[in-house]
Amino acid sequence: MDSVGVAAAAPDAGPGPAWQSKCPWGAPSTTSISCSLADVMSEQLAKELQLEEENAAFPDVVAAAEGPFITGEDIDTSSDLMLAQMLQMEFDREYDAQLRREEKKINGDSKVSISFENYRKVHPYDSDSSEDEVDWQDTRHDPYRADKPTTTPRRGFIGKGKDITTKHDEVVCGRKNTARMENFAPEFQVGDGIGMDLKLSNQVFNALKQHAYSEERRSARLHEKKEHSTAEKAVDPKTRLLLYKMVNSGMLETITGCISTGKESVVFHAYGGNTTEDKVIPPECAIKVFKTTLNEFKNRDKYIKDDYRFKDRFSKLNPRKIIRMWAEKEMHNLTRMQNAGIPCPQVVILKKHVLVMSFIGQDQVPAPKLKDVTLSSEDMKKAYYQILNMMQQLYRECNLVHADLSEYNMLWHDGKVWLIDVSQSVEPTHPHGLEFLFRDCRNVSQFFQKGGVAEALNERELFNAVSGLNITADNEVDFQAEIEALEKMNEDHVQNHGKKLSTFSSDGDPPIYDE
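Residues numbered from 1 in each chain as written. Predicted model: local features only at pLDDT ≥ 70, side-chain atom pairs only at ≥ 80, totals over all residues. Heavy atoms only, no water.

- An unreviewed UniProt entry annotates the protein as Serine/threonine-protein kinase RIO3 of Rhabdornis inornatus.
- Under the UniProt heading Subcellular location (unreviewed entry), the note attached to the protein is "Cytoplasm".
- The record in UniProt for the protein states the following under Subunit (unreviewed entry): "Interacts with CASP10. Interacts with IRF3; RIOK3 probably mediates the interaction of TBK1 with IRF3. Associated with 40S pre-ribosomal particles." (UniProt positions renumbered as here; feature names shortened; annotations may be inferred.)

Structure (structure tokens):
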């Protein structure tokens, strides 16, 4: 016999005197209900005790709303879906009951009460939910839509005498025009006229209709322009597809992001992929994407149309080809410079208007431009003589003129100067080649003179040192006049003798003239 049973049987041993029941030192007269250990550990018993305590604490709360757990012989409990729905319904009922208790506890007897109605669960399988609920939008009255469908008679009017109403009635037409605004494009905001009896005249409706069509065509043009042109720090779908192909082929490992933007191109950083037998991929690459917009290239045709390498291919009527020719031009110029030993990015591959080169920098950090770096007097002097040597090599060995040489297109990396952005570089025989060279000499001379290099030559002396010409002029105006005279003489010589530039075999070779 368990201890509970013994404790329960002890008071029944025999009746005692009456004074013993009143004695404070006597045994208690209350009897305990006997129950087994299994009943004490029963969850159902614990739940019943909890419900009794809750009902005693909150007697006003209707417990019938909780409802018993759904059971029945006709319910198929072998389905996991049905069991899950039944459990969810039971959980929702318990959750709602808890919210009601919280409301009762917080509100109390206060005149101002709060409600947790918005937080209650609304289960689709809950039988307590009302079936006559309708959407609130269905209860609103639309003044533009008739309660009953009316048909317009063939004769064009309804009524008789003074009550006649034609199809041209101002009120009818106004309401019809207001309802027809719903047919405008979704981008055209017409507002919400529910609850207002709006009437639009034919003149106002036609003006709005024309404006809606104009806005739709304008948005279509803007979308097309955005899809077919590269924007700042972004690429169009065709360019993005080219980059995806480079990554999928293993040429590039990953593209990290944009490192530089300009008027003509956007430069991205990327990590090189697998190196093949015929192509060496550097660990870090720079992807130069030439913008496909034509605005920046309309005034740049002078750098290409007179270049013998692209003269036959240049077409003024198809300016989009200029962009690809611009990228191809930079590739050929970089190849010439690389063969001459001039520090410059190494060309990896060219795909249409996307040029992949070696990255000048380290760990995604590009090398600083010469205008942004602070050099000592010795390094400044060293950089000047290096640039002077590179300009002479570029002119004599590569047969090129940079045409845009300045502190903005020179990088300082590993203790030396690197040349970049040579897409506009031309040959000295270009009709404006000597003018471009003189402009480069002026930019370089002014920068290093301001930097404190005492040995820096002026623009005229630097021009003679680079070109090898001996132009003697007292002032800059006469100096430029002699340069223009030399260019005119060269152009007339070419036209009079009918010299035709033949295709050269490889980059770096001077042009071959055929009589």
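Read on for the rest.
Here we look at unusual backbone geometry
- In this structure, Asn 399 takes a positive phi of about 55 degrees despite not being glycine.
- We classify Asn 399 as buried; its relative accessible area is 16%. (Buried < 20%, exposed > 50% of the residue type's maximum accessible area, 1.4 Å probe, protein only.)

Some words on the pattern of salt bridges
- Enumeration over the complete set of coordinates arrives at six salt bridges.
- A cluster of three or more residues bridged by salt bridges with shared partners is formed by Lys 288, Glu 330 and Asp 421. (Salt bridge = Lys/Arg side-chain N within 4 Å of Asp/Glu carboxyl O.)

So, the environment of Ala 179
- Within the element layout of this structure, Ala 179 appears in helix α6 (residues 170-180).
- Along the sequence, Ala 179 and Leu 200 sit 21 residues apart, while their C-alpha atoms lie 9.5 Å from each other. (Helix = DSSP H or I, 4+ residues; strand = E, 2+ residues; numbered from the N terminus.)

Here we look at the side chain of Arg 101
- With respect to the helices, strands and loops of the structure, Arg 101 is situated in helix α5 (residues 80-107).
- In terms of polar contacts, Arg 101 uses its side chain to reach the side chain of Gln 98, at 2.7 Å. (Polar contact = N/O pair within 3.5 Å; in protein donor to acceptor, adjacent residues only side chain to side chain.)

What to know about the nonpolar core
- Core analysis: the biggest nonpolar cluster contains 47 residues, and Ile 387, Phe 448 and Phe 463 have the highest contact counts within it.
- The set of elements that each furnish at least two residues to this core consists of α9 (320-339), β7 (354-358), α10 (377-396), β10 (410-413), β11 (416-419), α11 (433-450), α12 (459-467) and α13 (476-497).
- Of the residues forming this core, the biggest block, nine residues, is contributed by α10.
- Mapping this core onto the domain boundaries places at least three of its residues in each of domain 2 (234-366) and domain 3 (368-501).
- Not counting residues up to four positions away in its chain, the partners in contact with Phe 463 are Leu 434, Leu 437, Phe 438, Cys 441, Gly 468, Leu 469, Ile 471, Phe 479 and Ile 483.
- In terms of nonpolar packing, the next biggest core, distinct from the first, is built from 17 residues, Leu 242, Ala 270, Val 289 and Val 356 among them. (Core = buried A, V, L, I, M, F, W, Y, C linked by side-chain atoms within 4.5 Å. Domains from an automatic or database assignment. Contact = heavy atoms within 4.5 Å.)

Some details on the sheet that holds strand β4 (residues 265-272)
- One open sheet accounts for five strands, arranged β3-β4-β5-β7-β6; its pairing is antiparallel. The outermost strands of the open sheet, each flanked by one partner alone, are β3 (252-261) and β6 (347-351). Geometrically, the sheet is characterised by an average inter-axis angle of 25 degrees between neighbouring strands, direction not taken into account.
- Where strand β5 (residues 284-290) lies against β7, five bridges are found, and the strand directions are antiparallel. Considered in β7, the bridge of Ile 287 is made with Val 356. (Pairing = 2+ DSSP bridges. Axes fitted to C-alpha atoms, helices over the stretch in contact; angles between N-to-C directions.)

Regarding the packing of α10 against α11
- With their axes 11 Å apart at the nearest point, α10 and α11 run at an angle of 175 degrees to one another. When the interaxial angle is binned, α10 and α11 end up roughly antiparallel. Here Met 380, Ala 383, Tyr 384, Ile 387, Met 391 and Tyr 395 of α10 lie close against α11, whose contacting residues are Leu 434, Leu 437, Cys 441, Val 444, Phe 447 and Phe 448.
- Here the residues of the contact of α10 with α11 sort into 12 nonpolar, no polar and no charged. (Parallel < 35°, antiparallel > 145°, perpendicular 65-115°, else oblique. Nonpolar A, V, L, I, M, F, W, Y, C, P; charged D, E, K, R; others polar.)

Some words on the packing of aromatic side chains
- Tallied over the full model, the rule gives seven aromatic pairs.
- Relative to Phe 448, the ring of Tyr 384 lies with its centre 5.2 Å away and its plane at 65 degrees, an arrangement referred to as edge-to-face. Of this pair, Tyr 384 sits in helix α10 while Phe 448 sits in helix α11, and the two are 64 residues apart along the sequence. Taken as a pair, Tyr 384 and Phe 448 share a single burial class, namely buried.
- Centre to centre, the rings of Phe 463 and Phe 479 are 5.5 Å apart; their planes meet at 85 degrees, and the pair counts as edge-to-face. Of this pair, Phe 463 sits in helix α12 while Phe 479 is found in helix α13, placing the two residues 16 residues apart along the sequence. A single burial state applies to Phe 463 and to Phe 479, both of which are buried.
- Three or more aromatic residues joined by ring pairs form one cluster here, namely Tyr 384, Tyr 385, Phe 447 and Phe 448. (Phe/Tyr/Trp six-rings, centres within 6.5 Å; stacked < 30°, edge-to-face > 60°.)

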